[in-house]
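Chain by chain, the residues run as shown.
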Number of protein chains: 2
Amino acid sequence: MLDAIADIGRDPGTGGYRRYAWGDADMLLREWFTGEAAARGMDLVEDGNGNQLAWWGSGPDALLLGSHLDSVPDGGAYDGPLGIVSSFAAVDRLRAEGFQPSRPVVVASFADEEGARFGIACAGSQLATGALAPARALAQKDRDGITLAAAMAARGRDPRAVGRTAWLADVGAFVELHVEQGRSLVHSGAAVGVASAIWPHGRWRLDFCGEANHAGATRMEDRRDPMPAYAATVLAARRLATESGARATFGRLEVEPGGTNAIPSRVSAWLDARAGDEESLDRLVAELVAAARTATAADGTTLHLVTESVSPAVRFDVPLRDRIASTLDAPVLATGAGHDAGVLSARVPTAMLFVRNPTGVSHSPAEHAADDDCTAGVTALTAVVRDLA
Amino acid sequence: MLDAIADIGRDPGTGGYRRYAWGDADMLLREWFTGEAAARGMDLVEDGNGNQLAWWGSGPDALLLGSHLDSVPDGGAYDGPLGIVSSFAAVDRLRAEGFQPSRPVVVASFADEEGARFGIACAGSQLATGALAPARALAQKDRDGITLAAAMAARGRDPRAVGRTAWLADVGAFVELHVEQGRSLVHSGAAVGVASAIWPHGRWRLDFCGEANHAGATRMEDRRDPMPAYAATVLAARRLATESGARATFGRLEVEPGGTNAIPSRVSAWLDARAGDEESLDRLVAELVAAARTATAADGTTLHLVTESVSPAVRFDVPLRDRIASTLDAPVLATGAGHDAGVLSARVPTAMLFVRNPTGVSHSPAEHAADDDCTAGVTALTAVVRDLA
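Definitions and limits used
- All residue numbers refer to positions counted from 1 along the written sequence of the respective chain.
- For naming, the first written chain is A and the first written ligand is 1, with later ones following in the order written.
- In keeping with the predicted nature of the model, local features appear solely for residues at pLDDT of at least 70, side-chain atom pairs appear and are counted solely at 80 or more, and the whole-chain, interface and lining totals rest on all residues.
- Processing note: side-chain calculations cover all non-hydrogen atoms of the structure and skip hydrogens and water entirely.
- Overlaid copies result from least-squares superposition on C-alpha atoms, with residues included only where pLDDT is at least 70 in both.
- Residue contacts follow a heavy-atom distance rule, with two residues in contact if any of their heavy atoms lie within 4.5 Å.
- Marked domain ranges trace back to an automatic or database domain assignment.
- Each of two parts loses accessible area, computed with a 1.4 Å probe, when they are put together; buried area is these two losses added.
- In what follows, salt bridge is the name for a side-chain nitrogen of Lys or Arg lying within 4 Å of a carboxyl oxygen of Asp or Glu.
- By the criterion applied in these results, polar contacts are pairs of N or O atoms within 3.5 Å in which, for protein atoms, one can donate a hydrogen and the other can accept it, and in which residues neighboring in sequence qualify only through two side-chain atoms.
- Under this grouping Gly is polar, as are all residues other than the nonpolar Ala, Val, Leu, Ile, Met, Phe, Trp, Tyr, Cys and Pro and the charged Asp, Glu, Lys and Arg.
- A run of H or I in DSSP becomes a helix once it reaches four residues, and a run of E becomes a strand once it reaches two; helices and strands are each numbered from the N terminus.
- To obtain an axis, a line is fitted to C-alpha atoms, over the contacting stretch when the element is a helix, and the angle between two such axes runs from 0 to 180 degrees between their N-to-C directions.
- Roughly parallel means an angle under 35 degrees; roughly antiparallel means over 145; roughly perpendicular covers 65 to 115; every other angle is labelled oblique.
- Rotating anticlockwise by less than a right angle from the far helix to the near helix defines a left-handed crossing, while the corresponding clockwise rotation defines a right-handed one.
- Only strands joined by at least two bridges in the DSSP assignment are considered to pair.

Peer 1: Give a detailed account of the relation of the copies chain B and chain A, specifying residues and quantitative values.
Peer 2: The two copies are related by a screw operation: chain B maps onto chain A through 180 degrees of rotation and 0.1 Å of translation along the axis, at an RMSD of 0.1 Å. These values place the two chain copies in the arrangement generated by a two-fold rotation axis. When C-alpha distances to the rotation axis are compared across chain B, the minimum falls at B:Ala231, with a value of 2.1 Å. When the interface residues of chain B are mapped onto chain A, 100% of them again lie at the interface, so the same face is used by both copies.

So this is what it looks like as structure tokens:
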């Protein structure tokens, strides 16, 4: 199944995927999902947020499987899609062995998990559970100034339908399978593991503001260049995160006006920060922002801070986790990566399965999982559904 | 006349100008120039590089005036256009007083002086004088991957006509009037000054290359993130330039893949560096690149250096400079900014007039010159033409 979507949204230059919410690649993937549901005679439901659900059976207390199809810029082939194809494959295996589930089994594809276009991760699941206000999500703009509302309307979706969804009341548990984004399973020698927790994490935008001027004619002493304060903040972020065992990344930047021979008027930098607990994350961000303020004050520039999103730590349902770990005899591990499972876990008992990643590389075209390990993931997910449904 | 073009290529949000070679704004400005020439009965010549010349009279040993109409991103209203409108105004004044020039007087508008779109400053004048190879210029790409050749062809210009031009043989001297990009004239209390020299300067692209990975799941110790080495280089550049009285600026950046939750695979940074003499510039760039290499080596990342352009120091024709300074009783000053006059000076006796800039700010919407000082500039240029022609 991964082969069927291998070309959708793939950049020919980098080999990475660029599958952004409500873009052309996303629409092709939605059609692919619709086709997979139809081929299995599963009833397709799309909620007002663009989340797609394929139902095997109907009624309450459903066992939800699935993940997401969108990607970060130049993402890999497994982050998201592996969970969806593994879920369909588990349904196929169970049907082939004549298994009759005692509760509905649903394969879900959550909209805009990565937040690559509109800046809010897990937007589809957050809207469905009420964790994210519709008005805030709909007003988010992409790099071209297009709002989520306009992007949805352009695809025939009614922005007024965005928000809490009815299907959630019929879900009794959620199990998301995902490629591991790290090397814990390599170290433990297992093809599949079970998640214990997701670290708290957040995104902040730091606008370093100065004054544009001529790069050749303006003396260094006369500048109000915001770039050095940004640079000092990058180095402070690395030092603080390394010292505390946390993570801090600047992966997205905008420089205005952006000319080679113009001193910038503004450097906007997006910080992604995560830590093992909320207190550590708060301290990391506070110390990093203090370093940025010190640097801007010394340069006659200013810092404007915008908190785009903060997600608390997620501790997955312990009975469900223990039951799955026991069924699979699989190791238990925590992760620094956010997932729709983290969002759903606030509303229903939720678990995650991870499939081994030999290099640990993710959010990159080099992301990989061995075919045998992917098959082991399907086998594990099938066993979990057999046990729970 | 500045009012007539005040709206062309102006960004409504910033108030700055975005007039890039062969873009829509550039085409409107070309039409404006054509109209100004026609209104004065001056013969318009456009050479194969897109440089426009309006001739009052014909024949050899012409006195060339003028400047450029294009801008940096979010540039000011004066950088370039002030020289052209002042030249037309000088022609008007001389004609009103019945002056009969003894040699042709030509108003020139040079193509793509800022190099904002294709990365090579003074492209039009460099091509006309043979300082820049046509094949190299034509292959330059803008941010959308469009080559100069394609951009010219899309506007009906034949890329095969790019290169050395015939009109240069008929030019005996060039005087470019320009708004000052600094505050030397404020300090000397004069509305108009005469240039002595242009600092040597250049543009380099530094590609910091690492490995994309997940911002949440990848430990700081396991990263090959190119951003910290870029940051260390920014701080080294400021320290080195400040210590040596030179200038170093990073005003343009590209980050791949550019996602908030992805460690960058590549940071491409454009360095603009200038110094009082070639040796100082060479040393500045060498020390800065050494700092970048040290930082990348420590991080397991790599540096790829591309020299995009290097312009040697320009010392303007001394007899012409002294004659003009004497005619005007004006101060003489050097500048760190490059100009078409610097290019032409390699071929014909060349001089520059600067008009006072109260804040020194340029390459910014805040660039300004007082109306009285602009009028003083026209008066000075008129006097220079009266003396030389």
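Peer 1: Break down the domain arrangement of chain A for me, with residues and values.
Peer 2: All names here are of chain A. In terms of domains, chain A is made up of domain 1 (3-199 + 313-388) and domain 2 (201-311). Once you take the C-alpha centre of each, domain 1 and domain 2 turn out to be 32 Å apart. Between domain 1 and domain 2, the contact holds 13 residues from the first and 13 residues from the second. The junction of domain 1 with domain 2 conceals about 1,100 Å² of combined surface from both sides, 40% of it contributed by carbon and sulfur atoms. Three residues stand out in domain 1 for area buried against domain 2, namely Arg-143, Trp-199 and Ala-313, and they jointly supply 52% of the buried area on that side. Linking domain 1 with domain 2 are 0 salt bridges, by the criterion used here. There are 6 residue pairs in polar contact (both at pLDDT 80 or more) connecting domain 1 and domain 2. Residues of the side of domain 1 that touches domain 2, tallied by class, amount to 5 nonpolar, 4 polar and 4 charged.

Peer 1: Let's hear about the interface of chain B and chain A: which residues, and what values?
Peer 2: At the junction of the two partners, chain B supplies 61 residues and chain A supplies 61 residues. Carbon and sulfur atoms make up 57% of the area that chain B and chain A hide from each other, which totals about 5,000 Å². Where chain B touches chain A, the interface holds 4 salt bridges. Across the pair A:Glu256 and B:Arg18 runs a salt bridge, and its minimum N-O distance is 3.9 Å. Counting across the interface, chain B meets chain A through 18 residue pairs in polar contact (both at pLDDT 80 or more). Going through the elements one at a time, strand 8 (213-214), helix 7 (227-244), strand 9 (247-256), strand 10 (262-263) and strand 11 (266-274) of chain B are the ones with two or more residues in the side of chain B that touches chain A. In terms of residue count, the dominant contributor to the side of chain B that touches chain A is helix 7 of chain B (10 residues).

Peer 1: Please provide a residue-by-residue account of the packing of helix 2 (residues 81-96) of chain B against helix 11 (residues 371-388) of chain B, values included.
Peer 2: Residues and elements named next belong to chain B. Viewed as axis vectors pointing N to C, helix 2 and helix 11 meet at an angle of 60 degrees, and their least axial separation amounts to 9 Å. In this view, helix 2 runs oblique relative to helix 11, as classed from their interaxial angle. Viewed along their axes, helix 2 and helix 11 form a crossing whose handedness is right-handed. Counting all contacts with helix 2, which are made through Leu-82, Ser-86, Ser-87, Ala-89, Ala-90, Arg-93 and Leu-94, the residues of helix 11 involved are Cys-374, Thr-375, Val-378, Thr-379, Leu-381, Thr-382, Val-385 and Arg-386. Classifying every residue of the contact of helix 2 with helix 11 gives 8 nonpolar, 5 polar and 2 charged.

Peer 1: Summarise the sheet that holds strand 12 (residues 302-311) of chain A; cite the residues concerned and give the values.
Peer 2: Residues and elements named next belong to chain A. Pairing in this open sheet of 4 strands is antiparallel, and the strands run 9-11-7-12 from one edge to the other. At either margin of the open sheet sits one strand with a lone partner, and together these are strand 9 (247-256) and strand 12. Sheet twist, expressed as the average angle between the axes of neighbouring strands with direction ignored, equals 15 degrees. Bridging between strand 7 (residues 201-209) and strand 11 (residues 266-274) involves 9 bridges; their strand directions are antiparallel.

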